[in-house]
Amino acid sequence: MTKILTIGHTGFLGSYLYNRFDTHAWPGRFEWQGAWWKWAASTGNIDTIFYCARACRKESPRRDRETVILDTKGIMKTCHAFPDARIFYCSTKVVDGWTNDWVRPISKEEIGNYFERALNNEFVNQTIHLPEISDAQLRKFPPKEELFVEHLHYARSKIIGENIVKSCAKDYTIFRIWDIIP
């Protein structure tokens, strides 16, 4: 039986997934010591992680070098504390250079359907755009402008996270989520 933990269960998407799949909630913070993460992980027998967390502030600047470092520490601690877990990592279209110049809406329910499919062993060790689009289609329409500094930090943070997940997770699915509609 799958035992799922949602990291980022208080956020917009994370809270939806937490409730829909009746997962466990992670009480830890990225700032907390790795030893605490390892200890807390040892008490739960978790085999799947829904990683919906991100480091950003409510006030400006929302993202900067410090949030990139904090994000990186969070995914590193997760991979270290749960070395045998499958990780479903929520990334973003911003890693491909897109912000609001190309909007492709998807609902939380539709995203949840993809998580359900992934729980049934679809998309193992793959990166999937939500809504789906092929890499060839994506390359046909390159972004028109450079990213603003805060988006650049966010993109770097998620690219680093994706690479850590690919390198360290037993199995993974990366969802590059575009525009979530309520």
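Right above here is the structure, for reference.
Treat the numbers as computed from the prediction; the structure is a model and nothing was measured.

Participant: What's the story with unusual backbone geometry in this structure? I'm lost.
Facilitator: Residues apart from glycine generally show negative phi values, whereas peptide bonds are mostly found in trans. The step from S60 to P61 runs through a cis peptide bond, and the omega angle for that step is -5°. Note that the residue after L130, namely P131, is joined by a cis bond; omega there is 0°. Along the polypeptide, P131 turns up in the loop between β6 (126-130) and α5 (135-140). One non-glycine residue with positive phi stands out, namely F123, at about 65°. F123 sits in the buried class, given a relative accessible area of 9%. With a phi close to 55°, N125 is a non-glycine residue in the positive phi region. Among the secondary structure elements, N125 is positioned in the loop between α4 (108-119) and β6.

Participant: Could you clarify how one ought to interpret the nonpolar core in this entry?
Facilitator: Nonpolar side chains in soluble globular proteins tend to be buried together. With 24 residues, the main nonpolar core has I7, I49, Y51, F82 and I87 as its most contacted residues. Mapped onto this core, the elements with two or more residues apiece are β1 (4-7), α2 (34-42), β3 (48-51), α3 (65-81), β4 (86-92), α6 (149-168) and β7 (171-177). The residues contacting Y51, other than those within four sequence positions of it, are I7, F30, D71, G74, I75, T78, I87, F88, Y89 and C90. Membership of the second largest hydrophobic core comes to 19 residues, among which are C52, Y114, L130 and F175.

Participant: What's the story with the packing of helix α1 (residues 12-20) against α4 in this structure? I'm lost.
Facilitator: Running from N to C, α1 and α4 cross one another at 55°; their axes reach a closest spacing of 10 Å. Judged on the interaxial angle alone, α4 and α1 are oblique. For the pair α1 and α4, the sense of crossing is right-handed. Together, F12, L13, Y16, L17 and R20 of α1 and K108, E109, I111, G112, N113, F115 and E116 of α4 make up the contact between the two elements. Its residues placed into classes, the contact of α1 with α4 shows six nonpolar, two polar and four charged.

Participant: It is not clear to me how α2 should be interpreted in this structure. Could you clarify?
Facilitator: Every α-helix carries 3.6 residues per turn, so stepping three or four residues along brings you back to the same face. For α2, the set of buried residues is W37, A40 and A41. Buried residues in α2, looked at end-on, bunch into an arc of 100°, giving them a common side. The exposed set on the far side of α2, more than 90 degrees from its buried face, consists of A35, W39 and S42. Where the residues of α2 are buried, they touch β1 and α3.

Participant: Is there a simple way to explain the pattern of salt bridges in this structure?
Facilitator: Where charged atoms from two side chains of opposite charge come close, those side chains can pair. Across all of its chains, the model carries seven salt bridges by this definition. R29 is paired through a salt bridge with E31; the nearest N and O atoms lie 3.8 Å apart. The exposure class assigned to R29 is partly exposed, which follows from its relative accessible area of 47%. Classification of E31 as partly exposed rests on a relative accessible area of 46%. Across the pair K93 and D179 runs a salt bridge whose closest N-O atoms are separated by 2.9 Å. Taken together, the positions of K93 in the loop between β4 and β5 (105-107) and D179 in strand β8 (residues 179-181) put the pair 86 residues apart, joining distant regions of the chain. No difference in accessibility class separates K93 from D179, as the two residues are buried. A network of salt bridges, in which partner residues are shared, links D96, E162 and R176.

Reading guide: rules and limits
- Residues numbered from 1 in each chain as written.
- Predicted model: local features only at pLDDT ≥ 70, side-chain atom pairs only at ≥ 80, totals over all residues.
- Heavy atoms only, no water.
- Helix = DSSP H or I, 4+ residues; strand = E, 2+ residues; numbered from the N terminus.
- Buried < 20%, exposed > 50% of the residue type's maximum accessible area, 1.4 Å probe, protein only.
- Core = buried A, V, L, I, M, F, W, Y, C linked by side-chain atoms within 4.5 Å.
- Contact = heavy atoms within 4.5 Å.
- Axes fitted to C-alpha atoms, helices over the stretch in contact; angles between N-to-C directions.
- Parallel < 35°, antiparallel > 145°, perpendicular 65-115°, else oblique.
- Left-handed = near helix turned anticlockwise from the far one by under 90°.
- Nonpolar A, V, L, I, M, F, W, Y, C, P; charged D, E, K, R; others polar.
- Arc of directions from axis to C-beta.
- Salt bridge = Lys/Arg side-chain N within 4 Å of Asp/Glu carboxyl O.

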